Amino acid sequence: MRLFSLLKKVRRTPLNELPGKVRFFISRRWQKVMTDWHDRFVSPYTPPSKYSVQFRPLSEKKECLHLPEEDQKCLMSAVALWMNHQFQVLGAGVAPADFNAGVAGLKNIRLSCEKKPDEDLKVFERDCVRLRAFIDSDYTYIDWHRDRRSGWSWPRLIRPQEIEYGVPEGSDVKNPWELSRMQHLPSMALYALTLENENQKREILAEMKNQIFDFCQANPPGFGVNWACPMDISLRLISWVVCYDLLRGEEELFTKAEHEEFIARLVDHAQYIEKHIEWNPSVRGNHYYINCLGLLIAGATLRGHPSQGKWLAYGAGTFLNETSLQFLKTGGNFESSTYYHRLMSEAACLGLTVLVKYQSELQTLPKRFIQQASGMPGGDVIVSVFHQFSEQIASAKSRLRQSYLFSMWLINDGGAAPQFGDNDGGRSLPLIPDIKGCFDNPSDWSRHIGFWQGLFEAEGKTIEAKYLQSIAICEHLSVSIEDDGHKAFPDFGLYAWRRRHYRFWFKVSSTGQHGNGGHDHCDCLSFELSWKNKPLIIQPGTGVYTPLPKVRNKHRAAAFHNGPVGKKKVNHYFGQGTEELFKISHPSKVIVQSCDQNEIHASFEQNGEMFSRYVHLEGDRISFEDKCESSSHEPVYVFLILPLSLTIENKGKEGVLIDMGDFLLQFEGNASNIEIGRDEYSPTYGEFLPCFTLSLTQQHCLRWSISEKA
């Protein structure tokens with residue numbers, strides 16, 4: 001099966017790219033052979049005494065990090081959960097992470113897994129015993145390798161390359177990955193800084209120390225599920241660095257020996273990212289970008305390590321280069337996913353702030369470090385970046401200014417944003433957690449805007465803005481958007497309108513990630529609509545990734561979005577296998593015929609059939625005209641998803657009435673068939689909520705409208 005999959009990849013690869021990919025494949029296989037041999041004789045843990053590494057702080061002014069009362073209450077609730085090892089499970093709320101804890105199940109799938117004895121690799125057990133000695137005797141250990149949704153658990157010493165994703169069906173590797181990012185630690189550190197009660201503060205600091213060393217002893221570098229994804233390793237490194245940066249000077253956190261051990265474990269992370277960088281000569285995305293950010297922060301903070309200069313040069317050079325590639329000219333991220341735009345732009349804000357802080361040092365960096373970095377995968381761009389370093393910084397600022405504007409156009413007055421493409425809830429540095437019961441609205445983007453305020457505005461009000469500005473201040477920029485306006489982001493494929501009573505977002509992109517698909521969906525000519533800050537017409541969301549491929553493909557298929565489709569209800573092709581879950585083959589050709597303040601007219605072609613949608617916005621009325629432009633005059637189908645909180649009634653010839661509580665909306669049109677049904681949509685990864693569906697059908701041309709009923 002693996003040989004067949006390999007041959008398919010070879011056939012799809014352009015001839016000019018084949019030699020590079022073959023060299024890349026051979027080097028990876030050779031690396032695996034050498035690593036397996038190495039693991040039997042050498043401990044993967046860096047000895048604490050091997051390097052004389054000093055931690056250099058990122059931020060300068062801890063005293064400016066005053067928490068607003070609302071944030072403090074949120075963190076108090078969240079920290080109480082984390083102290084008892086209650087963590088967010090993707091799509092299933094908060095659940096315990098201790099051994100033998102119950103599981104919620106995924107679509108009624110619950111898996112049992114007997115843990116097999118660890119492979120006989122005694123070479124590093126001595127290190128694990130040393131690490132456990134730093135953990136308090138009354139501490140309860142966390143099960144870091146378990147999917148707390150399905151119950152499946154991966155062996156502690158499994159090699160990352162041996163993991164079969166989605167096997168058995170229902171097992172989701174993202175759940176242990178999310179927990180092992182340890183992104184709750186900076187939040188715990190922030191809360192600890194606010195406490196005047198020294199006993200409470202010491203308890204929280206002790207718990208943080210215990211969790212760090214618990215993770216280290218349970219997850220030897222290079223082994224287990226939590227060393228399989230360098231992106232998550234990078235995010236964990238960032239979490240640990242920011243946590244320690246916030247708490248530096250707190251003597252209760254680490255003793256001298258514990259401090260040396262912690263720094264050595266940071267070195268483990270940086271060295272592993274360097275050796276397993278997720279660079280690809282043709283397709284690379286958010287994983288590689290965050291790898292670059294991880295090495296940039298490691299190079300900025302781990303002073304004295306022999307590779308520190310190389311990490312700094314590589315992180316800075318590739319981060320700047322990828323910023324210009326992965327953020328489009330109008331500001332959106334090239335994944336064509338709004339929530340991945342949030343993840344990536346937060347990473348961009350943090351990275352650019354660090355670059356501004358160390359710009360002078362980087363411009364005088366010894367050439368030997370730049371040469372060393374240029375020999376790493378993807379490092380061929382580094383020399384040219386450093387030759388024009390000031391210009392590259394200015395270019396990144398300019399690109400991210402557009403990205404700030406893009407983010408502002410995504411958000412309605414209630415702080416929510418449309419869910420185009422995948423949404424797995426990923427954040428780069430969530431200082432205030434998105435946990436239900438602790439923070440009112442997990443999809444509130446005000447936290448995201450805090451990163452932009454920290455990067456560009458004079459006086460940030462959120463804790464995110466304050467933390468970035470304690471590192472460095474880039475420049476002052478104010479962004480305001482008129483209440484009644486229109487903005488086009490054609491390279492992302494998004495067109496947005498703001499009206500007095502509603503926000504309308506229209507998607508016309510063909511395929512994201514430069515044609516690969518990635519986290520994009522088959523959502524040509526689809527839209528999302530909120531009316532008076534309440535969701536009205538919504539997108540289906542992500543569902544899940546690898547645990548249930550059929551669910552994954554349903555949620556990204558054209559038939560489950562509200563763009564016009566034909567009789568077969570298909571304008572996409574999905575291949576077989578795990579890798580194909582992040583690809584969309586044969587992308588549709590999309591054309592925007594016209595677009596202005598009051599209308600948009602766009603079409604796409606697929607398999608010889610042309611479908612078009614004309615939208616007219618006038619006052620509080622939105623009119624649609626959906627057509628099949630081919631000679632066969634196929635029927636046109638439109639499938640709409642509406643929240644279950646609404647009341648929907650089919651009035652026949654009078655149309656469909658939608659009761660939104662304090663006002664009514666009315667669907668009218670020439671549809672020969674209108675069906676009201678029920679299904680599930682996914683507001684965030686792994687969560688499935690019931691919803692209303694509205695199916696409209698008409699031969700050749702379907703006309704319909706939405707308006708507020710008097």
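Residues numbered from 1 in each chain as written. Predicted model: local features only at pLDDT ≥ 70, side-chain atom pairs only at ≥ 80, totals over all residues. Heavy atoms only, no water.

A. The arrangement of unusual backbone geometry in detail. In this model, V167 is joined to P168 through a cis peptide bond whose omega is -5°. If you check the backbone angles, H85 has positive phi at about 60° while not being a glycine. Not every positive phi belongs to a glycine, and N108 is a case in point at roughly 70°. Within the fold, N108 resides in the loop between β3 (93-96) and α4 (125-132). Exposure remark for N108: the relative accessible area of 73% places this residue in the exposed category. (Helix = DSSP H or I, 4+ residues; strand = E, 2+ residues; numbered from the N terminus. Buried < 20%, exposed > 50% of the residue type's maximum accessible area, 1.4 Å probe, protein only.)

B. Focus on the packing of helix α9 (residues 256-275) against helix α10 (residues 286-301). At a minimum axis distance of 10 Å, the contact between α9 and α10 shows a crossing angle of 140°. Regarding the angle of α9 to α10, the classification is oblique. Here α9 and α10 pass one another in a crossing that is left-handed. Only N291, L295 and A298 of α10 make contact with α9, whose side of the interface consists of A270, I273 and E274. Looking at the contact of α9 with α10 residue by residue, the class counts come to 4 nonpolar, 1 polar and 1 charged. (Axes fitted to C-alpha atoms, helices over the stretch in contact; angles between N-to-C directions. Parallel < 35°, antiparallel > 145°, perpendicular 65-115°, else oblique. Left-handed = near helix turned anticlockwise from the far one by under 90°. Contact = heavy atoms within 4.5 Å. Nonpolar A, V, L, I, M, F, W, Y, C, P; charged D, E, K, R; others polar.)

C. Molecular detail of the environment of N533. Note on placement: N533 falls in the loop between β8 (526-531) and β9 (534-537). In sequence terms N533 and N333 are 200 residues apart; their C-alpha atoms lie 25 Å from each other. Filtering out sequence-adjacent residues up to four positions away, N533 remains in contact with N412, D413 and G414. Polar side-chain contacts of N533 include one of 3.2 Å to the backbone nitrogen of D413. (Polar contact = N/O pair within 3.5 Å; in protein donor to acceptor, adjacent residues only side chain to side chain.)

D. Spotlight on helix α12 (residues 338-357). In this model α12 runs 29 Å from its N-terminal to its C-terminal C-alpha over 20 residues, within 8% of the 28 Å that 1.5 Å per residue would give. Most of α12 sits out of view: 19 of its 20 residues are buried. (Expected span 1.5 Å × (residues − 1).)

E. Spatial organisation of the sheet that holds strand β11 (residues 599-606). The strand order β10-β11-β12-β13-β20-β17-β16-β15 describes an open sheet built from 8 strands, whose pairing is antiparallel. Single-partner strands in this sheet number two, and they are β10 (589-595) and β15 (647-650). On average, each strand axis in the sheet is inclined to that of its neighbour by 15°, with strand direction left out of account. Here 8 bridges tie strand β12 (residues 609-618) to strand β13 (residues 621-628), and the two strands are oriented antiparallel to one another. Within the sheet, the bridge partner assigned to R613 lies in β13 and is D626. (Pairing = 2+ DSSP bridges.)

F. Summary view of the pairing of strand β7 (residues 502-507). The buried fraction of β7 is high, at 6 of 6 residues. The side-chain alternation of β7 yields two buried faces, one formed by Y502, F504 and F506 and the other by R503, W505 and K507. A loop of 3 residues connects strand β6 (residues 494-498) with β7, the two strands running antiparallel in sequence. Pairing analysis gives 6 bridges linking β7 to β8, with the strands arranged antiparallel. By the bridge assignment for β8, Y502 is matched with W531.

G. Local environment of the pairing of β10. With 6 bridges connecting them, β10 and β11 associate as antiparallel partners. The residue bridging S594 from the neighbouring strand is H601, located in β11. Linking β10 back to β11 in an antiparallel pair, the connection comprises 3 residues.

H. Molecular detail of the environment of S307. Along the chain, S307 falls in the loop between β4 (302-303) and α11 (308-326). Separated by 398 residues in the primary sequence, S307 and S705 place their C-alpha atoms 62 Å from one another.

I. Just the packing of helix α16 (residues 389-410) against helix α17 (residues 446-456), in detail. Following both chains from N to C, one finds α16 and α17 inclined at 145°, their axes separated by 11 Å at the closest point. Viewed along their axes, α16 and α17 form a crossing whose handedness is left-handed. Where α16 abuts α17, its residues K397, L400, R401, S403, Y404, S407 and M408 lie against H448, I449, W452, Q453, L455 and F456.

J. How the structure looks around a nonpolar patch on the surface. Residues V22, F25 and I26 make up a contiguous nonpolar surface patch of about 270 Å² in total accessible area. Inspection of the secondary structure assignment puts I26 in helix α2 (residues 18-39). Taking relative accessible area as the criterion, I26 reaches 51% and is therefore assigned exposed. (Patch = residues over 30% accessible without salt bridge, like charges linked within 9 Å, V, L, I, M, F, W, Y side chains within 5 Å. Areas by Shrake-Rupley, 256 points an atom, 1.4 Å probe, with all protein chains shown as cover. Salt bridge = Lys/Arg side-chain N within 4 Å of Asp/Glu carboxyl O.)

K. The arrangement of the pattern of salt bridges in detail. Applying the stated rule across the entire model yields 36 salt bridges. Here K73 and E69 are joined by a salt bridge, their closest N and O atoms 3.6 Å apart. Residue K73 and its partner E69 are located together in helix α3 (residues 69-83), separated by 4 residues, close to a single helical turn. With a shortest N-O distance of 2.4 Å, R447 and D71 are connected by a salt bridge. Taken together, the residues R447 in helix α17 and D71 in helix α3 connect sequence positions 376 residues apart.

L. Molecular detail of the side chain of R499. Among the structural elements, R499 can be located in the loop between β6 and β7. Since its relative accessible area comes to 6%, R499 is described here as buried. A distance of 3.2 Å separates the side chain of R499 from the side chain of D484, its partner in a polar contact. Here the side chain of R499 touches Q597 through a polar contact of 2.7 Å, landing on its backbone oxygen. Apart from residues lying up to four places away in sequence, R499 is in contact with D483, D484, G485, Q597, N598 and L617.

M. Fine view of the packing of aromatic side chains. Taken as a whole, this structure holds 33 aromatic pairs when the rule is applied. When the ring of F55 is compared with that of Y244, the centres are 4.9 Å apart and the planes differ by 85°; the resulting orientation is edge-to-face. Residue F55 is located in strand β1 (residues 54-55), and its partner Y244 is located in helix α8 (residues 230-247); the two are separated by 189 residues in the primary sequence. On the basis of relative accessibility, which here comes to 12%, the residue Y244 falls in the buried class. A connected cluster of aromatic rings, assembled from ring pairs, spans F55, F134, W144, F213, F215, W240, Y244, F254 and F262. Of note, K107 hangs over the ring of F688, and the distance from its end group to the ring centre comes to 4.1 Å. Over the aromatic face of W227 sits the side chain of R236, whose NZ or CZ is 5.2 Å from the ring centroid. (Phe/Tyr/Trp six-rings, centres within 6.5 Å; stacked < 30°, edge-to-face > 60°. Lys NZ or Arg CZ within 6 Å of the ring centre and 35° of its normal.)

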